Amino acid sequence: MTESTNTKRSKYLNPYLGGVLLGLVLLAANFIAGRGLGASGAIKSGVVTVVTAVNPHAGETSGFIREYQGAHGGSPMKSWLVFEMLGVLVGGFLSGALAGRLKFKVEHSPKITSARRLIFALSGGILFGFGSQLGRGCTSGSALSGMAVLSLGGFITMMAIFGTAFALAYFLRKNWI
Amino acid sequence: MKPRLVLAAFIIPLGLIIAAVPQNTTRPYKLTATELLDEVNTRTQFVTPETVADMIIKKDPTLQLIDVRSQDEFEKFSLPGAINLPLTDLLSDQYTELFDQDVKMNVFYSNSTLMANEAWMLTRQLGYENNYVLEGGLNYWFEAILNPQQPASTSADEEFARYDFRKSAGRALGGEATAVQSTDGSVAPAAKPAIQAKPKKKKAAGGC
Amino acid sequence: MGPLAVNEIISENTNFFLAFIIGIGFGFVLESSGFSSSRKLAGVFYGYDMVVLKVFFTGAITAMLGLLFFSLFGWVDMDLVYVNPTFLTSAIIGGVIMGVGFIMGGYCPGTSFCGASIGKIDALLFIVGLFIGVSVFGAGYNWWDELYLSGFLGSPKVSESLGLSDGVFALILIVVALVMFWAAEWAEKKFPRQEY
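Treat the numbers as computed from the prediction; the structure is a model and nothing was measured.

A separate point is the overall build of chain C. Counting its secondary structure elements, chain C contains 9 helices and 0 strands. Of the regular secondary structure in chain C, the N- to C-terminal order runs α-α-α-α-α-α-α-α-α. In terms of principal-axis extent, the alpha carbons of chain C reach across some 45 × 45 × 35 Å. Classification of the 196 residues of chain C by burial places 62% in the buried group. Residue pairs at least 24 apart in sequence account for 69% of intrachain contacts in chain C once pairs closer than 6 positions are excluded.

The next thing to look at is the overall build of chain B. The helix and strand inventory of chain B stands at 8 helices and 5 strands. Beginning at the N terminus, the succession of helices and strands in chain B can be written as α-α-β-α-β-α-β-α-β-α-β-α-α. Sorting the 208 residues of chain B into buried and exposed places 26% on the buried side. Within chain B, counting contacts between residues at least 6 apart in sequence, those at least 24 apart form 65% of the total.

Contacts between the two partners involve 115 residues from chain C and, on the opposite side, 113 residues from chain A. With 17 residues, the top contributor of residues to the side of chain C that touches chain A is helix α1 (residues 12-32) of chain C. Looking at side-chain class alone, the side of chain C that touches chain A contains 67 nonpolar, 36 polar and 12 charged residues.

Considering soluble globular proteins, one finds that nonpolar side chains tend to be buried as a cluster. Within the largest apolar cluster, 125 residues are counted, with the highest numbers of intra-cluster contacts made by L26 and A148 of chain A together with A60, I61, M64, L67 and A170 of chain C. Counting residues per element, this core draws most heavily on helix α3 (residues 51-72) of chain C, which supplies 14 residues. The contact partners of A170 of chain C, leaving out residues within four places of it in the chain, are G15, I18 and A19 of chain B together with M64, L65 and L68 of chain C. V52, L85, M115 and A116 of chain B belong to the second largest nonpolar core, which has 26 residues in total.

Along the polypeptide, K40 of chain C turns up in helix α2 (residues 38-42). Take K40 of chain C: there are 25 C-beta atoms within 10 Å of it, and that puts it in the buried class.

This part covers the interface of chain C and chain B. The interface is formed by 24 residues belonging to chain C together with 19 residues belonging to chain B. Taken together, the elements giving at least two residues each to the side of chain C that touches chain B come down to α3 and α9 (166-190) of chain C. Per element, the largest residue contribution to the side of chain C that touches chain B is 8 residues, and it comes from α9 of chain C. Here the residues of the side of chain C that touches chain B sort into 16 nonpolar, 7 polar and 1 charged.

Turning our attention to the sheet that holds strand β3 (residues 83-84) of chain B. Backbone-to-backbone hydrogen bonds join strands into a sheet, with any given pair of strands oriented parallel or antiparallel. Residue and element names in this part refer to chain B. As summarised here, the arrangement of the 5 strands in space is β1-β5-β4-β2-β3, forming an open sheet in which the pairing is parallel. Because the sheet does not close on itself, it has two edges, and the strands there are β1 (46-47) and β3. For strand β2 (residues 63-67) and strand β4 (residues 105-109), the ladder comprises 5 bridges, and the chain directions are parallel. Paired with Q64 across the strands is N106, a residue of β4.

All right, on to helix α7 (residues 139-148) of chain A then. The element α7 of chain A is extensively covered by neighbouring structure, given that 10 of its 10 residues are classed as buried. Positioned one or two residues after α7 of chain A, L150 of chain A has a phi angle of 65 degrees, which is positive.

As a further point, take helix α1 (residues 15-33) of chain A. Residue and element names in this part refer to chain A. Its 19 residues give α1 an end-to-end C-alpha distance of 26 Å, which sits within 8% of 27 Å, the value for a rise of 1.5 Å per residue. Burial within α1 is extensive, with 16 of its 19 residues counted as buried. Phi turns positive one or two residues past the end of α1, at G34, with a value near 75 degrees.

Turning our eyes to something else, we now look at the pairing of β2 of chain B. Residues and elements named next belong to chain B. Most of β2 is tucked away: 4 of the 5 residues are buried. Alignment of β2 against β3, held across 2 bridges, turns out to be parallel. Paired with I66 across the bridge in β3 is I83.

Moving on, we get to the packing of helix α5 (residues 80-99) of chain A against α1 of chain C. How two helices pack is summed up by the angle between their axes together with the distance between the axes. For the pair α5 of chain A and α1 of chain C, the least separation of the axes is 6 Å and the interaxial angle reads 40 degrees. Taken together, the axes of α5 of chain A and α1 of chain C lie oblique to each other. Remark: the crossing between α5 of chain A and α1 of chain C carries right-handed chirality.

A few words now on the pairing of β4 of chain B. Residues and elements named next belong to chain B. When you tally the buried positions in β4, you get 5 out of 5 residues, the bulk of the element. Neither face of β4 is left uncovered, since the one carrying M105, V107 and Y109 and the one carrying N106 and F108 both have all their residues buried. In this structure, β4 lies alongside strand β5 (residues 131-134), joined through 3 bridges in parallel fashion. Counted as the bridge partner of V107 is Y132 from β5. Once you follow β4 into helix α6 (residues 114-125) and on to β5, the crossover reads as right-handed.

We now examine the environment of G135 of chain A. Structurally, G135 of chain A can be placed in the loop between α6 (114-134) and α7. Assessed through the 36 C-beta atoms surrounding it within 10 Å, G135 of chain A is described here as buried. A C-alpha to C-alpha distance of 24 Å links G135 of chain A and F171 of chain A, two positions 36 residues apart in sequence. Every residue in contact with G135 of chain A, bar those within four places of it in the chain, is listed here: S142 and T157 of chain A together with S90, A91, G94, G95 and M98 of chain C.

What follows is about the confidence of the model for chain B. Model confidence for chain B is summarised by a mean pLDDT of 74, while 77% of its residues fall at 70 or above. Contacts for the low-pLDDT stretch residues 175-200 of chain B, under 50 throughout, to residues beyond four places or in other chains number 25 contacts.

This part covers the packing of α1 of chain A against α1 of chain C. Viewed as axis vectors pointing N to C, α1 of chain A and α1 of chain C meet at an angle of 170 degrees, and their least axial separation amounts to 9 Å. What the angle tells us is that α1 of chain A and α1 of chain C run roughly antiparallel. Here α1 of chain A contributes G18, L21, L22, V25, A28, A29, I32 and A33 of chain A to the contact with α1 of chain C, which in turn contributes N15, L18, A19, I22, G25, F26, V29 and S32 of chain C.

As a further point, take unusual backbone geometry. In the Ramachandran plot, R136 of chain A falls in the positive-phi region, its phi being about 55 degrees despite a non-glycine side chain. In this model, K59 of chain B sits at a positive phi of 55 degrees, which is unusual for a non-glycine residue. Classification of K59 of chain B as exposed rests on a count of 9 C-beta atoms within 10 Å.

What counts, and where the lines are drawn
Residues numbered from 1 in each chain as written. Chains lettered and ligands numbered in written order. Predicted model: local features only at pLDDT ≥ 70, side-chain atom pairs only at ≥ 80, totals over all residues. Helix = DSSP H or I, 4+ residues; strand = E, 2+ residues; numbered from the N terminus. Buried ≥ 20, exposed ≤ 12 C-beta atoms within 10 Å, placed from the backbone. Contact = placed C-beta atoms within 7 Å. Nonpolar A, V, L, I, M, F, W, Y, C, P; charged D, E, K, R; others polar. Core = buried A, V, L, I, M, F, W, Y, C linked by C-beta atoms within 7 Å. Pairing = 2+ DSSP bridges. Expected span 1.5 Å × (residues − 1). Axes fitted to C-alpha atoms, helices over the stretch in contact; angles between N-to-C directions. Parallel < 35°, antiparallel > 145°, perpendicular 65-115°, else oblique. Left-handed = near helix turned anticlockwise from the far one by under 90°. Right-handed = clockwise from strand over helix to strand, strands pointing away. pLDDT = per-residue confidence, 0-100.

Encoded structure:
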């Protein structure tokens, strides 16, 4: 294992430069659309689409669906976040392609198995999905975008997410280091 | 090492500048003179005394009456639920919250409409919506609500309806112990003015 | 002038198209910074890779300064920009649950899409998990809707709650972030790291 503190050799962008670029993208979003970035909302749109496709009257029994439909007219997939996340897929793919990082793989620490990693990924996703609805946003929507507009709720959610993850990091260290 | 220093060299001065700039300068007058004149010409800021009387009787929580006269005059007589905010104190910081919201309908009133209009103009220029002026002021209020003129027998039904409403409103607001005569929705004059004449710019939904 | 869509300077469809373009920018920057790798993302919790902290705070500060200056020049009306509302209880509990999900899964929704876009199967499973989690929330909504709606404080800004002006708060945040950046560089030297 070589200590790599020379960022020039890294094939990734310098993190500070990346941060500035990210900030500019976020600024553009606020300037153009009057809102920040986000991600979990797109998942919500997806879920609502599937549920209402199977049961068009779901809104009558489910407060969750009803609340969503109240805030968004028309097709549930026609939402800002859905378009944005589609762009994320394209952008991520382009960046990966340019850097030669495209590869199907399960990324995991050599000390654990692929299967273990996948189980944790799935469970982590389930918890995060649930939490993002309760917290009205994820790290992109609540924490990052919230901080940019100085939202108190955004800051609180961010501290809760990172604080909890830090607190539990020790117990899950085998998965990562 | 270097990128960090470059970053710091940029954001520290920017931060110092933005911290030094007083917040008020980031909220300039929101309306152009033309826009304001348009609104004045279409008289969107006026609210009829019937509407206000109706809201008072129904104890509508979205109504906030603001008396812009001096404290003495306020103490002599004021409308139910009104607060006293003399015109001279209009721009003081403690009242910004009163204007900077979109839940309550603030209705300025004074004896005529002169001072109330001035209050409206100032707050409207600062970009606050939901502020209105009581049409005719207290002078008209006394005439119309508390002492309504009986319409001539040849007047339209609408006039009679309005008269009935004003009579009962006057009774209710004049402090008599009688129950308000039932004025169902059809008797009261047309619906409350929509809180905004122009479609309000809705904030984008966000989060997630 | 701004926000363009709210002031109806651009149409709703243009807004959606631009959302797509912004998304491309978002995904590109995230992936280029290494956020498509769960091991890099988790590094911030162990000290071996502080990219999350550096990118996150630099990004937030850049956008924050950008918005404050745009507002100063009158290019954007901050009253029309969405400020996340504060529902105290659900913000904290949701954040805690997300924190567990983060350290377990090593992704968050945005980064998982990045990871999936370059072929990471663990990212894909994370996304599947997201769908399940959201569905569970929706299905059982009636059980926790009270929790979800409690503690509403409006949409206060942190600067307001602390009684500071936006600009002063931004400066404080900048100083705090710079301190953290120096601490991050120290942490990365101290803890061994590989390039993932």
